[in-house]
Amino acid sequence: MVTEFALIINFLGIELPFWQTVAAWTAGWLALLAPLPGGLGALEASEVFALGAFGVSAALALGVALVMRGRDIFIGGAGLLLASRVIKK
């Protein structure tokens, strides 16, 4: 999962050392422990905070969070599509 996060930040052109990548990834996972439905806004805020501490602009940090949310929606949608095909059979 850290490798996937590293690929996302590399795709967006963010250069971070390994320890900063792990710290930003950890902040995102810890944000999902917030008592909000689905980490509503907590993931985005944690990425802006963590990556902002490493000198990354807020726009790029939000881009990281949005790519992560998009990935999750894509995987969930693909799972629902496959499940609906199995149920029809």
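Rules of the game
- Residues numbered from 1 in each chain as written.
- Predicted model: local features only at pLDDT ≥ 70, side-chain atom pairs only at ≥ 80, totals over all residues.
- Heavy atoms only, no water.
- 1 Å grid on protein atoms, 1.4 Å probe; cavity = no way out; pocket = protein on both sides within 12 Å on 5 of 7 lines; lining within 4 Å.
- Points joined across faces, edges and corners; volume = space filled by probe spheres on them.
- Helix = DSSP H or I, 4+ residues; strand = E, 2+ residues; numbered from the N terminus.
- Nonpolar A, V, L, I, M, F, W, Y, C, P; charged D, E, K, R; others polar.
- Axes fitted to C-alpha atoms, helices over the stretch in contact; angles between N-to-C directions.
- Parallel < 35°, antiparallel > 145°, perpendicular 65-115°, else oblique.
- Contact = heavy atoms within 4.5 Å.
- Left-handed = near helix turned anticlockwise from the far one by under 90°.
- Buried < 20%, exposed > 50% of the residue type's maximum accessible area, 1.4 Å probe, protein only.
- Expected span 1.5 Å × (residues − 1).

Caption draft 1: Inspection of the layout of surface pockets at higher detail. Approximately 200 Å³ is the volume found for the largest pocket. Along its surface, the largest pocket is lined by Met1, Glu4, Phe5, Trp25, Gly28, Trp29, Leu32, Leu43, Met68, Arg69, Arg71 and Asp72. At the level of secondary structure, the elements contributing two or more residues to the lining of the largest pocket comprise α1 (2-11), α2 (18-31) and α4 (58-88). Here the element with the most residues in the lining of the largest pocket is α4; it accounts for four residues. Its residues placed into classes, the lining of the largest pocket shows seven nonpolar, one polar and four charged.

Caption draft 2: Spotlight on the packing of α1 against α2. Close contact between α1 and α2 brings their axes to 10 Å; oriented N to C, the two are set at 105°. In terms of axis orientation, α1 runs roughly perpendicular to α2. Residues Val2, Phe5, Ala6 and Ile9 of α1 lie in contact with α2, whose contacting residues are Phe18, Thr21, Val22, Ala24 and Trp25. Along the lines of polarity and charge, the residues of the contact of α1 with α2 split into eight nonpolar, one polar and no charged.

Caption draft 3: Main features of the packing of α1 against α4. Direction vectors running N to C along α1 and α4 enclose 125°, while the axes themselves pass 10 Å from each other. By the angle class used here, α1 and α4 are oblique. Seen from above, α1 lies across α4 with right-handed handedness. For the pair α1 and α4, the contacting residues are Glu4, Phe5, Ile8 and Ile9 in the first and Val64, Val67, Met68 and Arg71 in the second. Taken together, the residues of the contact of α1 with α4 sort by class into six nonpolar, no polar and two charged.

Caption draft 4: Structural view of the environment of leucine 51. Relative to the helices and strands, leucine 51 resides in helix α3 (residues 42-53). Classification of leucine 51 by relative accessible area gives buried; the value is 0%. Taking C-alpha positions, leucine 51 is 9.3 Å from leucine 16, a pair spaced 35 residues apart along the chain. Every residue in contact with leucine 51, bar those within four places of it in the chain, is listed here: Leu16, Ala24, Val56, Ala61 and Val64.

Caption draft 5: Molecular detail of α3. With twelve residues, α3 extends 16 Å between its outermost C-alpha atoms, agreeing within 8% with the 16 Å of an ideal straight helix rising 1.5 Å per residue. For α3, the full list of buried residues reads Ala42, Leu43, Glu44, Ser46, Glu47, Ala50 and Leu51. Contacts made by the buried residues of α3 are with α1, α2 and α4.

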